[in-house]
Structure formats: structure tokens, C-alpha cells
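# Coordinate inspection notes
For reference, the chains in residue letters:
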Amino acid sequence: MISDDAKAHLHKQLVKLGDMMGDGLHHESDGKWIKAEYRRTLKALGLLPKAKRNIAGIDAAMAKRVSEVNCQKCGGQLKQTRSGSKRAQCQCGAKYQLLK
Ligand SMILES: [Zn+2]
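Okay, so let's go over this structure. Quick caveat: nothing in here was measured; it's all calculated off a predicted structure.

### So, the coordination of the zinc ion
- Around the zinc ion, the protein contributes the donor atoms Cys 71 (SG), Cys 74 (SG), Cys 90 (SG) and Cys 92 (SG), at 2.3 Å from the metal centre.
- Seen from the zinc ion, its four donor atoms lie at angles of 97 to 118°, and the figure they make is tetrahedral.
- Look at where the donors of the zinc ion fall in the sequence and you get C-x2-C-x15-C-x1-C.
- Look at Cys 92 and you get partly exposed, because its relative accessible area is 43%.

### A closer look at the pattern of salt bridges
- Tallying each qualifying case throughout the model produces three salt bridges.
- With its nearest N and O atoms 2.9 Å apart, the salt bridge here joins Arg 40 to Glu 37. One end of the pair, Arg 40, and the other, Glu 37, are both in helix H2 (residues 32-44), three residues apart, so they sit about a helical turn from each other.
- Salt bridges linked by common partners bring Lys 64, Arg 65 and Glu 68 together as one network.

Conventions adopted
- Counting starts from 1 at the beginning of each chain's written sequence and moves along it residue by residue.
- Local features are withheld for residues below a pLDDT of 70 in this predicted model, meaning they are given only at 70 or higher, and side-chain atom pairs are given and counted only at 80 or more; totals for whole chains, interfaces and linings count all residues.
- Side-chain figures throughout are based on the complete set of non-hydrogen atoms in the structure, without hydrogens or water.
- Metal donors were taken as nitrogen, oxygen and sulfur atoms no farther than 2.8 Å from the ion, or 3.2 Å where the ion is Na, K or Ca. Water is excluded, so coordination may look unfinished.
- Between 85 and 135 degrees for all angles marks four donors as tetrahedral; over 155 degrees for opposite donors together with 65 to 115 for all other angles marks four donors as square planar and six as octahedral; every other arrangement is irregular.
- Here's how the labels work: a residue is buried when its accessible area is under 20% of the maximum for its type, exposed when over 50%, partly exposed in between, all with a 1.4 Å probe on protein chains only.
- By convention in these notes, a salt bridge is any Lys or Arg side-chain nitrogen within 4 Å of a carboxyl oxygen on Asp or Glu.
- The helix count covers DSSP runs of H or I at least four residues long, the strand count covers runs of E at least two residues long, and both are numbered beginning at the N terminus.

Given below as C-alpha cells:
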């Protein structure tokens, strides 16, 4: 954990770097550090998105859900739209969100 002071400082830093990127400074040849620093600051604040979703877990949960649920329009068998997806589709084209 980081202190509130450090957090406030990082937030200020983030705004400053964001402004610089808004001006396009990170596209300059000597401005690469800005983007790197921006990411580092985001990470320090815990704002970077989690690296990877648990696809195997989602697929397993979806396999269970599609075996329990049938299409509400035609009663057909649902199929997960693609690996890692929380949605399933029926042959008739109906789509369902099966996991939250
Ligand atoms: Zn259907």
C-alpha cells in the first residue's frame, strides 16, 4: 500500500504526464519516457487493468451454463460464442449473456 501523500503526488504526476501526452510530446524522439512514466505511475496507483482474464475458468463455467440453459426463443441448444466469452448463441441467432 502507498500513503495518501504519495498517492496525491502520483495523481498530480499522472495529470501532468497526461497533459504532456495531450500535447503530443510523447511522440517526439526524446519524449518516449513520458509514456513509460505514465504507465509506471498508473501501475503504482493500481490503475492498470489486470493482466489476464481467467479464460479457462470462464470456459468451464460457460460449459456448465449452456448445459443448464436452453434458448428462450426456440428451446435450442446454446453454444459459447467463443473461448473466453461470457455470451452464448443459439442456432436461431439469439444471444444470451450467461455469466456476469
Ligand atoms: Zn434459439
